[in-house]
Amino acid sequence: MSKRDAPRSSDREVMRHLSRSQIFKDYERAFSEATGLPLNIRGHDSRAFSEATGLPLNIRGHDSWSPAHHGKEDRDSLASILARFNKARAACLTAQTDASREPNSTKRTVTWFAGLSESAVPVYVGDHILGFLETGEVMLKNPTKEHFATITRQLRAWGYKTDWKQLERAYFRTCVLSPDRYRAMLRLLSIFAQHLSILSNQLVVGREKEESTSMARTRQFIETHQAEPLSLGRVAHAANISRHYFCKMFKKATGMNFVDYLSRVRVEKSKTLLLNPNSRISEAAFACGFQSMTNFNRAFKRIVGRSPTQFRNSLPKLRRSE
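Residues numbered from 1 in each chain as written. Predicted model: local features only at pLDDT ≥ 70, side-chain atom pairs only at ≥ 80, totals over all residues. Heavy atoms only, no water.

Caption draft 1: Examining the pattern of salt bridges more closely. Evaluated as defined, the whole model comprises 6 salt bridges. For R29, the salt bridge is made with D26, and the minimal N-O distance between the two is 2.9 Å. With R29 and D26 both in helix 2 (residues 22-35) and 3 residues apart, the pair spans about one turn of that helix. Here K271 makes a salt bridge to E268, at a shortest N to O gap of 3.3 Å. You can see K271 and its partner E268 sitting in helix 12 (residues 258-274), 3 residues apart, about one turn around the helix. A single burial state applies to K271 and to E268, both of which are buried. (Salt bridge = Lys/Arg side-chain N within 4 Å of Asp/Glu carboxyl O. Helix = DSSP H or I, 4+ residues; strand = E, 2+ residues; numbered from the N terminus. Buried < 20%, exposed > 50% of the residue type's maximum accessible area, 1.4 Å probe, protein only.)

Caption draft 2: Inspection of helix 11 (residues 243-254) at higher detail. Along its 12 residues, helix 11 runs 16 Å from first to last C-alpha, staying within 8% of the 16 Å computed at 1.5 Å per residue. For helix 11, the elements touching its buried residues are helix 9 (213-225), helix 10 (232-238) and helix 12. Within two residues after helix 11, G255 carries a phi angle of roughly 80°, on the positive side. (Expected span 1.5 Å × (residues − 1). Contact = heavy atoms within 4.5 Å.)

Caption draft 3: Spotlight on the side chain of S279. Among the secondary structure elements, S279 is positioned in the loop between helix 12 and helix 13 (281-287). Owing to a relative accessible area of 12%, S279 belongs among the buried residues under this scheme. With residues near it in sequence (within four places) discarded, S279 still touches L273, A284 and R312.

Caption draft 4: Seen up close, the packing of helix 12 against helix 14 (residues 293-304). Across the interface, helix 12 lies against helix 14 with an axial gap of 10 Å and an inter-helix angle of 95°. In terms of orientation, helix 12 and helix 14 fall into the roughly perpendicular class. Every residue of helix 14 that contacts helix 12 at D260, S263, R264, V267, S270, K271 and L274 is listed here: F296, A299, F300, R302, I303 and V304. The class makeup of the residues in the contact of helix 12 with helix 14 is 7 nonpolar, 2 polar and 4 charged. (Axes fitted to C-alpha atoms, helices over the stretch in contact; angles between N-to-C directions. Parallel < 35°, antiparallel > 145°, perpendicular 65-115°, else oblique. Nonpolar A, V, L, I, M, F, W, Y, C, P; charged D, E, K, R; others polar.)

Caption draft 5: Unusual backbone geometry, seen in detail. Phi is positive for N240, which is not a glycine, with a value near 60°. Looking at the secondary structure, you find N240 in the loop between helix 10 and helix 11. Judged by relative accessible area, N240 falls into the exposed class, the value being 71%.

Okay, here's the thing in structure tokens:
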């Protein structure tokens, strides 16, 4: 397996766990009931995910975006109708593809044909994007007869043939949100995405499926002694395995080398400690086994995608005790 293929296999495994988790099911149901909008989670390999889970979630790659309503129960929505037309669909894909190439990916909103807006919020595993939470399509302005006439003129110019009355009904019943409400909805999705990112990292750290007894014992040893100075030699000795064989087995079992795994374990522990507003960042770093703030900040930024301070500032504000 190449280095390029290995992360994808690991990501698919994490996506399967996320999609089956009760927290995702609860969020999806609550979000849909509160907003009337679908909530989708999109990974890198939609076909493999669908075949593996059999779940009615849209998992789409960067090169195969489609309207969030498409494939859901509302086949008569404006987005679903337009998605059947190649040129309108191409306009959507172009907007989405351009957005997916933006550097330093954060939550993003694209507006495609007919004034439909949809948004995607990244879910991270370690220092790379695992997938996206998506919702849409909505209008951020009230539909009007004049705007609908402009849409139909463009569609007719493209040679689109449809039931125009049905299209008009779908247009005027499209969900409309004010920009303020839409921004509030995106903040809610960002909080949820952060929770899923924490969960995904915990899944990577704690995955023990099909591991040997030695590797399970190794994981337990690292978890127990992660706050102490840990060398590869010490951990291999505890597992009663030679250093060379230990490296091969550990990489096969975890998908990463010992140093990266230990950093991930320590960073995940530090994130829990940072939830306490009375705990200093330096205290959390040293309590987790980091020997310097430089190493801690570098590892945290690489794994989480943001600095410890940025991570703490993104959490709900809690009062510090005097």
